[in-house]
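Inside the fold
What follows is the residue order along each chain.
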Amino acid sequence: MNLPEPSSIDRIAVIGTGTIGASWAAYFLARGLHVQAWDPAPAGEAALRAFVDGAWPTLEGIDAVVPGAGPERLTFHADPATAIAGVGFVQESAPEKLDVKRALYADIDAALPDDVVMSSSTSGLIMSELQAGLRKAARFVVGHPFNPPHLIPLVEVVGGADTEAAVVDWTIDFYNAHGKKAIRLNHEAPGHLVNRLQVALWREAMDAVLTGLVSVEDVDDAIKYGPGLRLSVMGPFELCHLAGGPEGYSNFIDHFGDALQYWMDDMRAVELTPEVRGKLKALVADAIGERGSASIASERDTLLLPVLRTLARTRREHGLY
């Protein structure tokens, strides 16, 4: 398979410009790429341009905009085939429904050039099922970002049964060449990796409020003012290694293993029945109160942007990223 040098790509397609796709578009534009976009929504272009304009000051504020980059490099197209024409990479962010993506993939498959990779933002669908029967399935891969992609660096990359190994390697190199932090999954799993990790936390959070252990507010504060701070700079195995003292993880797992097993054995499955969903909705609604989504997102950005700036600067200075 003859693929171009990942760092040489200067024109990409964003197929689907909802919440994730619009964020991807803003990010790639900030990296100086030309972005050719498509979305079936009647007001898709206006919504996309409004999102990019709104995100641009934030991107400038975290020094994410490279010289020469600008929203004027965005074009919107009438159909997926036109949007894909002449690009070096495709980022698909259609709704998280197998039948919707499969129908869209048929159009992409027919228009995809022979030397272009199509990467899906799917948050949990299996690429093997998405790509099955496509003529160019070998170049279909998962590139799952984290919301919002224009701010959060991580991308999970995993191929399907028909994806060529070289395509996975190339996709990881592409994201890293354009400022992302890509990780490789060695095989497929529903929800990939990070959503599974998050769901484990969410399950325990739901169980804690359903059983009356703590309030919704205290669960959120527990993470924001406790492990969330450490997890912004360290991974779970690194944390456990430090907790083990000079002997590291080996001492940690021997010293705390019995306690860990006891705690894990005490954890319960949460069945999201209509009754349980209703109770969770009421508890969260009461905790959130008058704070709307826009207010919470604004608070997130106010707190997150200085962290991103500091982490990026410090990692550059110390060669950590």
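1. Some points on the sheet that holds strand S4 (residues 89–92)
Spatially, S3-S2-S1-S4-S5-S6-S7-S8 is the arrangement adopted by the eight strands of the open sheet, whose pairing is mixed. Each of the sheet's edge strands pairs with one partner strand only, and the pair in question is strand S3 (74–76) and strand S8 (181–184). Averaged over all pairs of adjacent strands, the angle between their axes in this sheet comes to 25 degrees, without regard to strand direction. Together, strand S1 (11–15), strand S2 (34–38), S4, strand S5 (117–120) and strand S6 (140–145) form the strand contacts of helix H4 (residues 98–111), whose direction differs from that of S5 by roughly 165 degrees. Against the sheet, helix H6 (residues 165–177) engages S1, S4, S5, S6, strand S7 (154–159) and S8, with an angle of about 160 degrees to S8.

2. Some remarks on a nonpolar patch on the surface
A cluster of nonpolar residues, Val 199, Leu 201, Trp 202 and Ile 223, forms a patch on the protein surface that exposes about 350 Å² of accessible area. Take the nonpolar patch: its biggest share by element is three residues, from helix H7 (residues 194–210). By the element assignment, Leu 201 lies in helix H7.

3. Regarding the pattern of salt bridges
According to the stated counting rule, one finds ten salt bridges in the structure shown. Across the pair Glu 92 and Lys 101 runs a salt bridge whose closest N-O atoms are separated by 2.3 Å. For Glu 92, a relative accessible area of 0% puts it in the buried group. Classification of Lys 101 by relative accessible area gives buried; the value is 0%. Asp 221 is the salt-bridge partner of Lys 224, the closest N and O atoms lying 3.8 Å from each other. Here Asp 221 and Lys 224 lie together in helix H8 (residues 216–224), a separation of three residues that amounts to about one turn. The class for Lys 224 is partly exposed, based on a relative accessible area of 43%. Classification of Asp 221 as partly exposed rests on a relative accessible area of 33%.

4. Concerning the packing of aromatic side chains
One pass over the full model with this rule turns up 15 aromatic pairs. A ring pair is formed by Phe 28 and Phe 89, whose centres lie 6.5 Å apart and whose planes are at 70 degrees; its orientation type is edge-to-face. Remark: Phe 89 occurs in strand S4 and Phe 28 occurs in helix H1 (residues 19–30); sequence separation between them is 61 residues. Classification of Phe 28 as buried rests on a relative accessible area of 0%. Taking relative accessible area as the criterion, Phe 89 reaches 0% and is therefore assigned buried. When the ring of Phe 174 is compared with that of Tyr 175, the centres are 5.7 Å apart and the planes differ by 65 degrees; the resulting orientation is edge-to-face. Classification of Phe 174 as buried rests on a relative accessible area of 0%.

Reading guide: rules and limits
- The residue count restarts for each chain, going from 1 along the sequence in the order it is written.
- Restriction of local features to residues with pLDDT of at least 70 applies here, the model being predicted, together with a cutoff of 80 or more for giving and counting side-chain atom pairs; totals for whole chains, interfaces and linings are based on all residues.
- Hydrogen atoms and water are omitted, and side-chain values are computed over all heavy atoms in the structure.
- Here a strand pair is declared whenever DSSP counts at least two bridges between the two strands.
- Where helices and strands are cited, they refer to DSSP runs of H or I of at least four residues and of E of at least two residues respectively, numbered from the N terminus.
- The angle between two axes is taken between their N-to-C directions and runs from 0 to 180 degrees, where each axis is a line fitted to C-alpha atoms and a helix contributes only its stretch in contact.
- By the convention used here, residues are in contact when the closest approach between their heavy atoms is within 4.5 Å.
- Here, patches come from residues exposed beyond 30% relative accessible area and free of salt bridges, joined within 9 Å for like charges and within 5 Å for nonpolar side chains (Val, Leu, Ile, Met, Phe, Trp, Tyr).
- For every accessible area listed, the method is Shrake-Rupley and the probe measures 1.4 Å; residues are considered covered only by the protein chains on display.
- Should a side-chain nitrogen of Lys or Arg be within 4 Å of a carboxyl oxygen of Asp or Glu, the pair is scored as a salt bridge.
- We call a residue buried when its accessible area falls under 20% of the maximum for its residue type, exposed when it is over 50%, and partly exposed in between, using a 1.4 Å probe and counting protein chains only.
- When the centres of two rings from Phe, Tyr and Trp lie within 6.5 Å, Trp using its six-membered ring, the rings pair. Their planes under 30 degrees apart give stacked, over 60 give edge-to-face, and anything left gives tilted.

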